[in-house]
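Chain by chain, the residues run as shown.
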Amino acid sequence: MIKFFSNIRKALLSEHRLGKYFLYAIGEIILVVIGILIALQINNANEARKARLQEITILENLKQDMSLDTLDINFNIQYHTKFITEEQKLLRFLQSDLDEPPYPIDMNNALGIPLIIEFHKSTFANLQNNDVGLLSNIKLRKDIARFYDFFQAAILRLEND
């Protein structure tokens, strides 16, 4: 291809056709610029595709983390419901004048177990440390941040209270 253009250039210069040579040179420059623009467009499309794949991976990981958090919270709710029931039985007995409880009380559960919930927030922390702007949906980005900020603070307060 280069040899072809080189032959055309030599032929135009040897025939002293300067006007046609300049026209040819401008055409060659335009072809090079068009080639560069096409290459840039392909590169930009490839980078956008990579960013989209990374965003999808992050959203899938966040979904998985939130599903695990939901399972943990439901587990804690189930067991704490049982603890509260036994604590209420013990409290009713202690407030009564009876020497023995009229119903069985599971003392292990009545004395309670502290609330322990640990959020699976490694994906969120990684997202905050690297590039939170990777998520294209601004509302979703704010909702995710609000979820982790609010619920983490609420659970810590429940644990401390």
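For the structure itself, consult the block above.
A quick note: this is a predicted structure, and the numbers were derived from the prediction, not measured.

(A) Layout of the nonpolar core. Grouped together as the largest cluster of nonpolar side chains are eight residues: Ile-58, Leu-62, Phe-124, Leu-127, Leu-134, Leu-135, Ile-144 and Tyr-148. When contributions to this core are tallied by element, the ones reaching two or more residues are helix H2 (18-95), helix H4 (122-130) and helix H5 (138-160). With near-sequence residues (within four places) excluded, Phe-124 lies in contact with Leu-62, Ile-144, Ala-145 and Tyr-148.

(B) Structural detail: the packing of aromatic side chains. The final tally for this structure, using the stated rule, is two aromatic pairs. Taking the centre distance of 4.7 Å and the plane angle of 45 degrees together, the rings of Phe-75 and Tyr-79 count as tilted. Taken as a pair, Phe-75 and Tyr-79 lie in helix H2 at a separation of four residues, close to a single helical turn. Plain terms: the ring middles of Tyr-79 and Phe-83 are 6.5 Å apart, the flat faces sit at 45 degrees to each other, and that makes the pair tilted. Remark: Phe-83 and Tyr-79 occur in helix H2; sequence separation between them is four residues, near one turn of the helix. Assessed through its relative accessible area of 34%, Tyr-79 is described here as partly exposed.

(C) Seen up close, the layout of surface pockets. Considering only enclosed or pocket space, the largest pocket measures out at about 160 Å³ in volume. Lining of the largest pocket is provided by 10 residues; of these, Gln-54, Ile-58, Asn-126, Leu-127 and Asn-130 occupy positions nearest its centre. Mapped onto the lining of the largest pocket, the elements with two or more residues apiece are H2 and H4. In the lining of the largest pocket, the residues fall into three nonpolar, six polar and one charged.

(D) A look at the side chain of His-80. Relative to the helices and strands, His-80 is located in helix H2. Using a relative accessible area of 18% as the deciding quantity, one classes His-80 as buried. Reaching out from His-80, the side chain makes a polar contact with the backbone oxygen of Asn-76 at a distance of 2.8 Å.

The rules behind each value
Within any chain, residue numbers begin from 1 and follow the written order of that chain's sequence. With pLDDT at 70 or above as the cut-off, local features in this predicted model cover only qualifying residues; side-chain atom pairs require 80 or more to be listed or tallied, and sums for whole chains, interfaces and linings still use all residues. Hydrogen atoms and water are omitted, and side-chain values are computed over all heavy atoms in the structure. Remark: nonpolar core denotes a set of buried residues (Ala, Val, Leu, Ile, Met, Phe, Trp, Tyr, Cys) joined through side-chain atoms within 4.5 Å. Note on exposure labels: buried denotes an accessible area under 20% of the residue type's maximum, exposed denotes more than 50%, and partly exposed covers the range between, all computed with a 1.4 Å probe on protein chains only. Strands are runs of DSSP state E lasting at least 2 residues, helices are runs of H or I lasting at least 4, and numbering of each runs from the N terminus. Contact definition: two residues touch when any of their heavy atoms are within 4.5 Å. Think of it this way: a Phe, Tyr or Trp ring, Trp meaning its six-membered ring, pairs with another when their centres are within 6.5 Å, and the plane angle makes it stacked under 30 degrees, edge-to-face over 60, tilted otherwise. Here a cavity denotes grid points, spaced 1 Å and computed from the protein atoms alone, that fit a 1.4 Å probe unable to get out, and a pocket denotes an open set having protein on both sides within 12 Å along at least 5 of 7 lines; residues with an atom within 4 Å of a point are the lining. Grid points are joined across faces, edges and corners, and a volume is the space filled by probe spheres set on the points. Three classes are used: nonpolar for Ala, Val, Leu, Ile, Met, Phe, Trp, Tyr, Cys and Pro, charged for Asp, Glu, Lys and Arg, and polar for all others, with Gly counted as polar. Pairs of N or O atoms are called polar contacts if they sit within 3.5 Å, as long as, within protein, a hydrogen donor faces a hydrogen acceptor (for residues adjacent in sequence, only side-chain-to-side-chain pairs).

Function cannot be inferred from these measures alone, as they are strictly geometric.
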